[in-house]
Amino acid sequence: MSNASLSAKPLVELPVNDFLRRLAGSDPTPGGGSASALSGAVAASLVSMVGGLTTGRAGFEEVAETIEIMVEQGHQIAGVLGAAVDRDAAAYDQVTAAFKLPKATDAEKTARSQAIQAAMTHAADVPFEVAEECLAAAELAMIALEKGNPNATSDAAVALLHALTGLEGAVLNVAINLDSIKDAAYVSEKTSEIKRLVTRSEELRTAGWQIIRERFQALG
């Protein structure tokens, strides 16, 4: 496939090897934000898989409804985060385009500055939404870990770790944009929100590893 064809096709529709080549390229997109969204999508997909390995099995009748909801929500979140792989790249491209606007006159400088701020805000909004979706995926992964088929413990654990990586990576992409945004109220609000996200991420990581170590003697 030619480079032009790769660039024209949505990132989420690329074969894995082609996506990795794009990620390894010298262009700034796709970058860490897209990778974070993809990590969350992988997590949500694994959650649904664990649900599939649990549904209908003897001994899980009492949690059948919970598992069914978990599978459905996993599919939904995977779709949202899959689309966000491209949304994040597009948001960064808007920032780049804003910085390239003319600045020869005072009017152009004002317009350019406004465009940059608007693009920066959008570039923070998208990964913030990704972080929220990754948190939702992580919460589902904990359900999969606690209530799902224990034979799929490693799969549920990988789902949790991918979700938390996606969350924390997305938070970093919010934070780097906040440092360039002049709207103090917006920055204050998002700063508070990312602290909430990071705190919950740390709680889930600790709880998840406790379960994992209890089940796997080699990690005890």
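The coordinates are above.
Bear in mind that the values here come from a model prediction, so they are computed numbers and not experimental data.

Scanning the protein chain from N- to C-terminus turns up 7 helices and 0 strands. Within the protein chain, contacts between residues separated by at least 24 positions form 74% of all contacts whose residues are at least 6 apart in sequence. Taken as a whole, the protein chain presents about 11,500 Å² of accessible surface, with 55% of it coming from carbon and sulfur. The average position of the 18 basic charges and that of the 28 acidic charges among the side chains of the protein chain differ by 7 Å.

This brings us to the packing of helix α3 (residues 32-52) against helix α6 (residues 153-178). One way to put it is that α3 packs onto α6 with a least axis distance of 7 Å and a crossing angle of 155°. In terms of orientation, α3 lies roughly antiparallel with respect to α6. The hand of the α3/α6 crossing is left-handed. Across the interface between the two elements, G32, G33, S36, S39, G40, V42, A43, L46, V47, M49 and V50 from α3 touch D155, A156, V158, A159, H162, A163, T165, G166, G169, A170 and N173 from α6. Taken together, the residues that form the contact of α3 with α6 break down as 11 nonpolar, 10 polar and 1 charged.

Pairing between side chains of opposite charge can happen when their charged atoms approach one another. One pass over the structure, following the stated rule, counts 7 salt bridges. Residues E168 and R205 are paired through a salt bridge, measuring 3.1 Å at the closest nitrogen-oxygen approach. Highlighted residues: E168 in helix α6 and R205 in helix α7 (residues 184-215), separated in sequence by 37 residues. Judged by its relative accessible area of 27%, E168 is partly exposed.

The next subject is helix α2 (residues 16-24). All of the buried residues in α2 are D18, F19 and R22. In an axial view of α2, the angular spread of the buried residues amounts to 100°, which keeps them on one side of the axis. The exposed set on the far side of α2, more than 90 degrees from its buried face, consists of V16, N17, R21 and A24.

Another aspect to go through is the packing of aromatic side chains. Within this structure, the stated rule accounts for 0 aromatic pairs. Geometry around F128 places K190 over its ring, the cationic atom sitting 4.7 Å from the centre.

To continue, consider a nonpolar patch on the surface. Among the surface-exposed residues, V16, L20 and L23 lie close enough to one another that they form a single nonpolar patch of about 260 Å² accessible area. Overall, V16 belongs to the exposed group, its relative accessible area being 61%.

Attention now goes to the nonpolar core. Counting residues in each nonpolar core, the largest one holds 62 residues, and the members touching the most others are V130, L145, L160, L178, I181, L197 and L204. Counting only elements with at least two residues in this core, the list comes to α3, α4 (64-99), α5 (106-147), α6 and α7. The dominant element in this core, judged by the number of residues it contributes, is α5, at 18 residues. Among residues more than four places away in sequence, those in contact with L197 are F128, A131, E132, L135, L167 and V171.

Before going further, it helps to spend a moment on the packing of α5 against α6. Across the interface, α5 lies against α6 with an axial gap of 8 Å and an inter-helix angle of 160°. Viewed along their axes, α5 and α6 adopt a mutual orientation that is roughly antiparallel. The two elements α5 and α6 meet at a crossing, and its hand is left-handed. Residues belonging to the contact of α5 with α6 are distributed by class as follows: 25 nonpolar, 4 polar and no charged.

Right, let's get into α4. The end-to-end C-alpha distance of α4, which contains 36 residues, comes to 52 Å, matching closely the 52 Å that a straight helix rising 1.5 Å per residue would cover. Along its length, α4 reaches its greatest deviation from straightness, about 30°, at V85.

Reading guide: rules and limits
Residues numbered from 1 in each chain as written. Predicted model: local features only at pLDDT ≥ 70, side-chain atom pairs only at ≥ 80, totals over all residues. Heavy atoms only, no water. Helix = DSSP H or I, 4+ residues; strand = E, 2+ residues; numbered from the N terminus. Contact = heavy atoms within 4.5 Å. Areas by Shrake-Rupley, 256 points an atom, 1.4 Å probe, with all protein chains shown as cover. Lys, Arg positive; Asp, Glu negative; His and termini not counted. Charge placed at Lys NZ, Arg CZ, Asp CG, Glu CD. Axes fitted to C-alpha atoms, helices over the stretch in contact; angles between N-to-C directions. Parallel < 35°, antiparallel > 145°, perpendicular 65-115°, else oblique. Left-handed = near helix turned anticlockwise from the far one by under 90°. Nonpolar A, V, L, I, M, F, W, Y, C, P; charged D, E, K, R; others polar. Salt bridge = Lys/Arg side-chain N within 4 Å of Asp/Glu carboxyl O. Buried < 20%, exposed > 50% of the residue type's maximum accessible area, 1.4 Å probe, protein only. Arc of directions from axis to C-beta. Phe/Tyr/Trp six-rings, centres within 6.5 Å; stacked < 30°, edge-to-face > 60°. Lys NZ or Arg CZ within 6 Å of the ring centre and 35° of its normal. Patch = residues over 30% accessible without salt bridge, like charges linked within 9 Å, V, L, I, M, F, W, Y side chains within 5 Å. Core = buried A, V, L, I, M, F, W, Y, C linked by side-chain atoms within 4.5 Å. Expected span 1.5 Å × (residues − 1). Bend = angle between axes of the 7 residues up to and from the residue.

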